[in-house]
Amino acid sequence: MIDTARIRVKAGDGGNGCISFRREKYVPKGGPDGGDGGRGGDVFVVGDPSLNTLSHFQHQRLFKGKRGGHGQGNNKRGADGASVEVRVPPGTLVWAECGSQGRQLLADVGAGDRILVARGGAGGRGNARFVSPTNQEPLLAEKGEEGEELELFMELRLLADVGIIGAPNAGKSTLLSVATSARPKIAPYPFTTTEPVLGVAMVGNTEFVMVA
């Protein structure tokens, strides 16, 4: 069996640089002191052993890093934007959609892996960065760079040692919930289970995976 999902990730944009000049009581013509913008937040894919399907992506399909803060006067740099983590089961293949060129494999995610898939934009430079012998009061600052944006295709191969089969509403999910720690949906009507559910069973020192 193969479980798939498609999501979009957008790293944070960099903050803008600041145009500012020192203004002190006894320094009427202070120099430029505009700070740089902060870096945008990255997007990481993380291998989470507590997950065994990609079903959680049905409820969230867009993951965005935070934008970096804008620079301020007094050479204050903007804060870096917070990164975001996309959690997937170990064994997930992560592909980047490349339009007419098909897909490019970005990662084969293992347990505990933390893989960068979209890099946040660099912050823009403030006007204090543009001082030169010929320009002592630059009125110039940079905008922050845009963060990377990708559409990702996730592919998880579901592997099980034992498959439970039977007629609809025969008790397959109930058996799985008793034999393993899985918690499938159980109800007194047919076709309660609409997608495969995995559970790990332990017999003595032997561990195996069941699916219903």
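Our structure's up above, just so we're on the same page.
These notes cover the structure that comes with them. Keep in mind that what you see is a predicted model, and the values were worked out from it rather than measured. (Residues numbered from 1 in each chain as written. Predicted model: local features only at pLDDT ≥ 70, side-chain atom pairs only at ≥ 80, totals over all residues. Heavy atoms only, no water.)

**Section: the packing of aromatic side chains**
Applied cut-off: Aromatic rings from Phe, Tyr and Trp, taking only the six-membered ring of Trp, are treated as a pair when their centres fall within 6.5 Å; an angle between ring planes under 30 degrees marks them as stacked, one over 60 as edge-to-face, and anything in between as tilted. Only protein chains enter the accessibility calculation, which uses a 1.4 Å probe; a residue whose area is less than 20% of its type maximum is buried, one above 50% is exposed, and one in between is partly exposed. Counting as a charge over the ring demands two things of the Lys NZ or Arg CZ atom: a distance within 6 Å of the ring centre and an angle within 35 degrees of the ring normal.
For the coordinates displayed, the defined rule picks out one aromatic pair. Centre to centre, the rings of Phe 57 and Phe 63 are 5.9 Å apart; their planes meet at 80°, and the pair counts as edge-to-face. On the basis of relative accessible area, Phe 57 is assigned to the buried category, the value being 1%. Arg 103 extends its terminal NZ or CZ atom over the ring of Phe 153, reaching a point 3.8 Å from the ring centre.

**Topic: the pattern of salt bridges**
Convention followed: What counts as a salt bridge is simple: a side-chain nitrogen of Lys or Arg found within 4 Å of a carboxyl oxygen of Asp or Glu. A run of H or I in DSSP becomes a helix once it reaches four residues, and a run of E becomes a strand once it reaches two; helices and strands are each numbered from the N terminus.
For the structure shown, the criterion picks out twelve salt bridges. The salt bridge partner of Asp 48 is Arg 87, with a shortest N-O separation of 3.9 Å. Taken together, the residues Asp 48 in the loop between strand S2 (43-47) and strand S3 (62-64) and Arg 87 in strand S4 (residues 84-88) connect sequence positions 39 residues apart. Residue Arg 87 is classed as partly exposed on the basis of its relative accessible area, which comes to 38%. Through salt bridges with shared partners, a single ionic network connects Arg 6, Arg 8, Glu 97, Arg 103, Glu 149 and Glu 151.

**Here we look at the nonpolar core**
Just so we agree on the cut-off: The nonpolar core is taken to be a set of buried Ala, Val, Leu, Ile, Met, Phe, Trp, Tyr and Cys residues, with the residues joined through side-chain atoms within 4.5 Å. By definition, residues are in contact when any of their heavy atoms lie within 4.5 Å.
In terms of nonpolar packing, the biggest core is built from 21 residues, with Phe 57, Val 86 and Met 154 touching the most fellow members. Elements that contribute at least two residues to this core include exactly strand S1 (2-10), S2, S4, strand S5 (92-97), strand S6 (103-109), strand S7 (114-118) and strand S8 (149-157). Not counting the four nearest positions on each side in its chain, Met 154 is found in contact with Asp 3, Thr 4, Ala 5, Ile 7, Val 45, Leu 54, Phe 57, Val 86, Val 88, Thr 92, Leu 93 and Val 94.

**Focus: the sheet that holds S7**
As a reminder of what qualifies: At least two DSSP bridges between two strands are needed for those strands to be called paired. Note on method: axes are straight lines fitted to C-alpha atoms, helices fitted across the in-contact stretch only, with angles between N-to-C directions ranging 0 to 180 degrees.
The strand order across the open sheet formed by three strands is S4-S2-S7, and the pairing between neighbours is mixed. A strand with exactly one partner marks an edge of an open sheet, and here the two such strands are S4 and S7. Within the sheet, the average angular offset between the axes of one strand and its neighbour, ignoring direction, is 30°.

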